[in-house]
Every structure is written in structure tokens, then in C-alpha cells.
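The chain contents come next:
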2 protein chains.
Amino acid sequence: MNAEIIAVGTELLLGQIVNSNAQFISRELAELGVHVYYHTVVGDNPKRLEKAISIAEERADLIIFTGGLGPTKDDLTKEVIAAHTGKQLVEDAIAMENIVSYFKKTGRKMSENNKKQALVLEDASVLPNEHGMAPGMFVKKDNQFYMLLPGPPHEMQPMLRKYGASAILDQLESRERIESRVLRYFGIGESQLEAEIEDLIDAQTNPTIAPLAGDNEVTIRITARDRSEEKAIQMIDQMERKINDRVGEFFYGYDQTTIMKELLTILDKNDLTIAAAESLTGGMFQSEMTGVTGVSTMLIGGVVCYSNQSKIKLCQVKAETIEKHGVVSEQCAIELAENIRTILGTNIGISFTGVAGPDSLEGHPAGTVWIGISFDDRPTKTYHLNLSGSRIGNQKRTVKYGCYYLLKELDNSRIS
Amino acid sequence: MNAEIIAVGTELLLGQIVNSNAQFISRELAELGVHVYYHTVVGDNPKRLEKAISIAEERADLIIFTGGLGPTKDDLTKEVIAAHTGKQLVEDAIAMENIVSYFKKTGRKMSENNKKQALVLEDASVLPNEHGMAPGMFVKKDNQFYMLLPGPPHEMQPMLRKYGASAILDQLESRERIESRVLRYFGIGESQLEAEIEDLIDAQTNPTIAPLAGDNEVTIRITARDRSEEKAIQMIDQMERKINDRVGEFFYGYDQTTIMKELLTILDKNDLTIAAAESLTGGMFQSEMTGVTGVSTMLIGGVVCYSNQSKIKLCQVKAETIEKHGVVSEQCAIELAENIRTILGTNIGISFTGVAGPDSLEGHPAGTVWIGISFDDRPTKTYHLNLSGSRIGNQKRTVKYGCYYLLKELDNSRIS
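Residues numbered from 1 in each chain as written. Chains lettered and ligands numbered in written order. Predicted model: local features only at pLDDT ≥ 70, side-chain atom pairs only at ≥ 80, totals over all residues. Heavy atoms only, no water.

- If you look chain A up in an unreviewed UniProt entry, it shows as Putative competence-damage inducible protein from Lederbergia galactosidilytica.
- As recorded by UniProt, the Sequence similarities (unreviewed entry) comment attached to chain A reads in full: "Belongs to the CinA family." (UniProt positions renumbered as here; feature names shortened; annotations may be inferred.)

This is how it looks when you write it as C-alpha cells:
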């Protein structure tokens with residue numbers, strides 16, 4: 001079975017709201033094993049809506065509508081579908097009861113057009129609306145399925161999950177399950193990663209492999225279908241091993257995790273404390289870290305040593321180091337990392353110094369970065385980056401590289 | 001002229017990401033006076049994409065594509081359009097230069113499939129990509145216009161605003177100019193602001209007034225149309241005065257500015273230096289500040305004193321202050337602000353201490369915040385907030401309130 005989602009509402013075409021309903025419905029359908037080939041958005045316009053329906057009927061077994069079930073004049077979805085399919089609109093007793101009791105409860109006066117919301121397509125199985133007045137519908141004509149859902153997400157989402165999904169499942173010949181897993185990579189570009197696994201991508205059928213770039217990272221979504229959930233997961237495990245045999249060194253985590261969360265997990269597991277000295281990142285590393293709950297046992301604190309003055313006063317960097325090597329230097333990164341660790345008595349001190357841009361500094365172009373990592377009594381490590389991006393882009397990538405190098409350092413120290 | 005937006009990407013059909021590009025493009029087109037009748041989303045599938053193009057050609061003068069311009073195998077948008085329109089793909093010298101220099105700069109290995117990104121449709125006017133490698137295109141065949149934009153929002157949005165919009169305007173018969181201006185407000189809720197100007201909103205025709213809430217602020221977009229640009233701007237000026245006669249006290253700036261940028265402008269104008277001591281905000285205030293170019297003359301630096309230990313060691317807060325009043329206290333905010341100002345010898349010291357959440361601290365609920373502002377030899381000011389939101393939400397709002405209070409403080413000191 002394949003589906004098309006038609007969202008109805010002029011506010012979507014004006015860009016007043018984003019079509020989050022299509023995203024939600026798509027996720028739910030993927031879970032059910034229903035393919036979605038198209039999303040369509042059309043305004044509150046009967047002619048254009050009917051054209052959209054005719055087109056969707058050509059290419060989808062199931063058409064899911066969202067929006068246009070409200071009480072106002074421009075809510076026309078079920079009326080247009082009724083006219084298009086030649087089905088009558090009939091009053092649903094339960095829906096009407098629901099509406100009447102709502103107005104009784106709120107003490108508001110019920111207007112004529114509210115009664116319109118109790119009308120449903122004949123032969124439709126009604127999907128109860130437990131968070132509003134517009135009932136949903138699921139109806140078949142010939143071999144074409146139509147599902148009508150309300151527009152407000154807080155009404156639509158529970159209706160689809162609780163009533164719509166099972167109505168669809170009952171129609172599926174195959175009870176095939178879809179499982180998927182996202183693998184997250186850092187330090188490798190999308191095109192390079194794809195080149196590494198090109199043959200796997202070319203050969204993909206089931207499971208499928210979908211690389212996606214974004215936010216200085218690359219992810220690969222592996223999706224497998226099988227009647228047995230267990231089998232589907234096995235297929236994913238197998239493909240994951242194949243992929244990470246090639247690019248495993250850049251892999252850092254699954255699904256919704258972030259590289260910062262992975263780092264904090266390992267710090268937590270090993271009771272390690274950390275302090276940071278941030279120049280070009282201006283506090284972004286610590287800010288991201290404190291965005292995670294429960295970080296206070298790990299992050300003791302640190303400095304934003306944006307000026308030379310603050311490097312000296314807050315982090316005891318030697319004036320001659322700055323004179324001799326400049327602040328965009330390995331030596332400065334080392335002193336910052338070691339000193340902040342000593343000052344706050346933590347296991348780890350990490351430092352970021354360099355040129356965020358757009359202007360160059362000390363003759364170094366924007367994007368020149370030095371990262372220092374001082375870890376207990378181990379020799380201090382430094383890392384050099386040449387980034388190219390906006391000022392904030394360079395800061396963000398520097399922070400991620402800091403997390404990445406620290407993760408590797410802990411790995412190599414057999415801490416994990 | 002009417003348009004259809006076709007977003008290309010299987011990740012959209014799987015619900016992995018929401019189609020925010022369609023919303024952004026729709027807003028921009030509305031401003032240009034171009035009607036949007038349909039949005040379509042189609043996967044990385046040549047056959048289905050071509051069908052979608054044929055359908056769109058039946059119902060739209062302008063088809064705007066977003067996505068599928070990347071370097072990977074499943075990026076097929078321009079190839080499919082080339083085949084469909086019978087246009088050749090030719091290498092664009094400038095785009096190629098841009099790609100080569102990117103890889104030279106980053107020292108990353110350029111793979112064959114990156115070169116593919118330099119190919120453009122023949123006769124197309126190329127839309128430069130200032131934030132990525134895939135160039136955009138605007139091309140006409142017979143009376144059909146096609147615009148190709150990249151998928152990543154940070155590449156697509158500036159490209160459309162800076163190059164795409166004017167390319168479209170040149171094609172519009174009506175040379176009516178559309179001018180718009182965004183007014184930004186902080187410290188007032190959307191519903192309160194709407195109530196204040198309800199009559200203006202109800203009466204709106206030209207110019208139009210569109211309030212929008214987001215990111216702890218409220219904005220009002222005023223859009224005026226006239227054949228004379230000057231006249232349109234006058235209409236906007238007039239409406240702005242009407243609005244700010246009522247809510248001017250909450251107004252802080254125009255268009256793309258932020259409250260942080262406004263603060264930095266005033267600090268810069270008055271040669272004022274600032275230092276910060278951040279507990280619950282974890283460095284977010286300084287991080288946002290350093291996101292702005294040229295801040296180094298103003299922000300000397302500061303500390304992220306996330307633990308008691310760091311408050312004492314880095315910011316010389318008295319141990320007995322913490323024992324007696326706790327860290328979630330006015331006294332702690334005062335010492336942090338005054339001490340960081342003294343340590344770094346700046347004009348201004350600002351401090352943030354409190355409970356980000358989700359857990360309470362020292363018996364204070366999440367969202368309890370104290371902000372301290374020490375300005376030269378003036379008595380230190382403190383501000384108390386009771387916020388309700390997520391951990392990160394509370395941090396963000398605290399940072400904005402810090403900027404807001406500091407702006408007011410400078411105002412009251414007749415500094416501006």
C-alpha cells in the first residue's frame with residue numbers, strides 16, 4: 001500500500017505555519033510499512049482541492065487529508081470529497097453528542113455551523129476526536145482509501161495514533177514491519193562517506209541506506225522491512241557492521257544523540273571532571289554542555305578568555321607566551337588547557353584558541369584553530385584545524401571537533 | 001504570476017525532517033506578490049520527480065525546486081529537469097572555482113562527485129551560493145520559469161533573499177514595489193501586543209500588519225505595495241509610528257537585528273567594555289556576544305562559574321555568602337557582577353545565577369533567576385525572574401533579559 005498526504009489550508013501556502021502534520025503522518029505511516037511517495041499542500045479552494053484529489057487517486061492507494069474539518073465557511077475538505085466521490089454527508093450521533101456536551105460544559109452558545117462538524121461521509125468508519133469537535137473518517141470507494149484527519153496537531157496526532165493507524169493496518173495484506181536506525185558520523189564529509197560505501201548504496205534494496213548531511217555531521221539511515229521485527233533488526237545490525245567496517249572511525253552514536261551527549265555519558269561513567277578555557281568559541285562549548293541536564297557533576301566551570309588580558313588574568317597565560325607565539329598558537333592552547341585544569345583541579349582541561357573570522361588575526365586566516373586537551377598527568381595533546389565558514393559556523397565546528405578529539409582521547413586511554 | 005514549490009528529498013517523505021523550506025519560500029513569494037497554489041514533496045526518485053514537474057507545469061507559471069543539488073548519487077534535481085526540458089548541463093566556471101577553493105582551504109580531499117555540483121542548466125542565470133557549494137539556477141523555457149535552490153536552509157534562504165527574489169521581480173509585469181519592515185519587541189507577549197493594536201490589524205489593507213511570536217520575542221512585519229518605492233516606505237513609516245505610539249516601550253530594533261546586536265552597538269558607540277560571570281546560563285551570554293563580529297573591543301571576557309568551587313576560585317565570591325544566602329540569591333548575583341568587573345577592569349560586569357532546571361536548587365524552583373549589573377561606580381542593580389520553560393529555554397530567556405535590562409540601564413544613564 002502506498003499513500004499520499006494532502007494538507008489543506010491557505011495558511012500553509014502563505015507560509016504562516018509549517019506543515020508539521022505531513023512530517024508526523026509520514027513517520028507514523030513508515031512505522032506501519034506504508035510507503036509515502038508524495039506530500040501535497042493545497043489552499044481552502046474547492047476546485048484546486050478536487051484537482052489535487054484526482055491527481056492523488058492516480059498515484060496513491062490511500063489518501064490522507066489533514067485540515068479543513070473545522071466549523072467555518074472555508075473548511076471544505078469533507079464537502080469536496082463527498083461531491084467528488086458521490087457520497088452523502090450524514091449526521092453522526094456520537095459526534096453530535098460530543099459537540100453538544102462540549103458547549104454545555106463550556107457554557108458557550110452553540111452556533112448552526114458547529115452542527116456541520118457532526119456530518120460525516122456515509123459508510124465511513126468514524127475516528128473519534130478526543131481533543132476537539134471535528135470527527136475523523138476512514139472510507140473506501142472501489143479500491144481507493146480516504147482518511148480525513150483534523151488540522152490542529154493536538155487533535156490529529158492522538159486520533160491517528162489511537163484510531164487511524166489500526167484502521168490502516170486492518171487493510172494491509174502484508175503485516176510487514178519497518179525498522180530503521182540512524183548512524184551518526186563526524187569528521188567525514190557526505191561525499192567522502194558516500195564514496196566509501198558507494199557499492200553498498202548501489203546494491204541497496206532491503207535494507208535501504210540513506211546518507212544525509214547536516215549541521216557539520218553526516219548521518220546514515222538504515223531502514224529494513226520484514227514480517228518479523230526481529231529479522232528486520234538483524235538485517236540492520238548486519239548492514240551497520242558492513243558500513244562501519246569502512247567508516248567506523250568517524251562513527252559516534254545512534255539516532256537522536258549528539259556528540260556532546262556522547263562525551264558527557266563517558267565523562268559521567270568514569271567520574272571525570274572537566275574545565276574549559278574558550279577564546280574563539282566564546283563560551284559556546286560550556287554553553288552547549290550546560291544545555292544537558294545533570295552536567296553539574298562533570299563541568300566545574302571555566303573561562304571565556306576572549307582578550308589577551310583575560311587570558312593572562314583569568315587563566316594565568318604567560319605574557320611572553322603571547323608576545324613570542326601569539327594567541328593563535330599551539331603554545332597558547334597548551335597553557336590554557338593546562339592552567340584551567342590546575343586552577344579548578346579537574347581531570348580534564350580543554351582549550352580553544354584561534355580565529356573565528358571574518359578577519360584574520362596575527363596573520364592567520366579566519367578558521368585557523370588550536371585545540372588543547374590536558375588530561376590528568378598525561379602529556380597535553382593539541383589539534384590544529386583550518387576551517388572555512390561563517391564566524392558562527394567556525395565556532396560551532398570547533399566545539400564539535402573539541403568533543404570529537406576528547407572522545408578519541410578517552411577512547412585511546414581505554415576509557416569508555 | 002503563480003508558483004508551485006517542489007521540495008525534493010526522501011527524508012521529507014519519511015518524516016525525518018519537516019518541510020520548513022516550503023514555509024520560508026512561501027513567505028518570500030507572498031511578499032513579492034506571487035501567489036502559491038500548491039506545495040509538492042517528492043522523493044529522490046527520477047520518475048516520480050519528472051511526473052511532479054509535468055503536473056506543476058500544468059498549474060504554475062513558476063516552479064521553485066528545493067533540494068537534490070548535492071554531490072551524492074541521490075541528488076538528481078537538475079539532471080531530471082535537464083532531461084525533462086531538453087537542456088544541457090554545462091560546467092559553470094565560477095561555481096567550480098568556489099568548490100575547488102573550498103577544498104583547498106579545508107585541505108579535505110575533493111572527490112569526483114563534488115565536480116558534479118559545478119554543472120548548471122544551459123541558459124540559466126546562476127544564483128551564487130555564499131554558504132555552500134551547490135549553485136542555484138533560474139531558467140526559462142517557453143513561458144515556464146524554473147528556479148532551483150539547494151536544500152540546506154542556511155544555503156537556500158540567503159540565496160533566495162539576495163539573488164532569487166530580484167530574479168523573480170524582474171519577470172513580474174506589474175512593477176509594483178513591495179517594501180516591508182520588521183519591528184522587534186521584547187518583554188511583551190504576542191496576545192497582549194495584538195490586543196494593543198487590534199483595531200489597526202482589523203483595518204489593515206495596504207500596508208499589511210503581521211504579528212509573529214517566536215524565540216521569546218514578538219515581531220510585527222509591515223508590508224506596503226506601491227509603484228513608487230518612496231511612497232511604500234512612507235506608508236510603512238506612518239504605520240510604524242501608529243504602532244509604536246502604543247507599544248513603543250517594548251520596541252528594540254528593526255529587521256534582522258537582535259537585542260544582543262543592539263546592546264553591542266550602544267557599547268561600541270560609547271567605548272564601554274563588559275565582562276560576564278555566568279552560572280545558570282553556562283556561557284550562553286558570552287557565546288552569543290562573540291557570535292557578533294567586532295565584539296573583541298567590548299567583551300574582555302568572563303567566567304562560567306557553574307560550580308560553587310568555580311564561583312569562589314574564578315570570581316572570588318565569599319564562601320560565607322554562599323553558605324549564608326546560597327548561590328540562587330541576590331547577594332551572589334551582586335558579588336559575581338562586581339567581582340568580574342573588578343578582576344577584568346571593565347566598565348560593566350553582568351552576572352547570571354539561578355536554577356535552569358529541570359530540578360530545583362536550594363529550595364528554589366526551576367526558572368528562579370537573579371541577574372546582577374555593575375556599571376562603573378553606580379550602585380549595582382539586580383533583577384529577579386521567575387521563568388517557566390525548558391532548561392535551555394530558561395537559559396535563552398535569561399540571556400535576553402540580561403541584554404534587555406542592560407539596554408534599559410544604559411538608556412536611563414542617558415547613554416545611547
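1. Thoughts on the pattern of salt bridges
Residues and elements named next belong to chain A.
And then number 1: Under the definition given, this model contains 26 salt bridges over all chains.
And then number 2: The partner of Arg161 in a salt bridge is Glu28, with the nearest N and O atoms 3.2 Å apart. Here Glu28 lies in helix H2 (residues 20-32) and Arg161 lies in helix H7 (residues 153-169), a separation of 133 residues in the sequence.
And then number 3: Judged by its relative accessible area of 16%, Glu28 is buried.
And then number 4: We note a salt bridge from Lys400 to Glu217, for which the minimum N-O separation is 2.9 Å. (Salt bridge = Lys/Arg side-chain N within 4 Å of Asp/Glu carboxyl O. Helix = DSSP H or I, 4+ residues; strand = E, 2+ residues; numbered from the N terminus. Buried < 20%, exposed > 50% of the residue type's maximum accessible area, 1.4 Å probe, protein only.)

2. Examining the packing of aromatic side chains
And then number 1: What the rule picks out here adds up to 19 aromatic pairs over all chains.
And then number 2: Here the aromatic rings of Phe138 of chain B and Phe145 of chain B are separated by 5.6 Å at their centres, their planes lie at 5°, and the arrangement is stacked. Residues Phe138 of chain B and Phe145 of chain B agree in their burial class; the two are buried.
And then number 3: In textbook terms, an aromatic cluster arises when at least three aromatic residues are bridged by ring pairs, as seen for Phe186, Tyr383, Tyr401, Tyr404 and Tyr405 of chain A.
And then number 4: Note that Arg59 of chain B overlies the ring of Tyr38 of chain B, its terminal NZ or CZ placed 3.7 Å from the centroid. (Phe/Tyr/Trp six-rings, centres within 6.5 Å; stacked < 30°, edge-to-face > 60°. Lys NZ or Arg CZ within 6 Å of the ring centre and 35° of its normal.)

3. Considerations on the sheet that holds strand S2 (residues 35-42) of chain B
And then number 1: Across the sheet, 12 strands lie side by side as S6(A)-S7(A)-S8(A)-S3(A)-S1(A)-S2(A)-S2(B)-S1(B)-S3(B)-S8(B)-S7(B)-S6(B); this open sheet has mixed pairing. For this open sheet the edge positions go to strand S6 (125-127) of chain A together with strand S6 (125-127) of chain B, each flanked by a neighbour on one side alone. Sheet twist, expressed as the average angle between the axes of neighbouring strands with direction ignored, equals 15°.
And then number 2: Bridging between strand S3 (residues 62-66) of chain B and strand S8 (residues 144-149) of chain B involves five bridges; their strand directions are parallel. Across the sheet, the residue bridging to Phe65 of chain B is Leu148 of chain B, located in S8 of chain B.
And then number 3: Strand contacts of H2 of chain A: strand S1 (2-8), strand S2 (35-42), strand S3 (62-66) and strand S8 (144-149) of chain A, with the helix running at about 160° to S1 of chain A, the strand carrying the most contacts.
And then number 4: Sitting on the sheet, helix H7 (residues 153-169) of chain B touches S3, S6, strand S7 (136-141) and S8 of chain B, and the angle it makes with S8 of chain B is about 160°. (Pairing = 2+ DSSP bridges. Axes fitted to C-alpha atoms, helices over the stretch in contact; angles between N-to-C directions. Contact = heavy atoms within 4.5 Å.)

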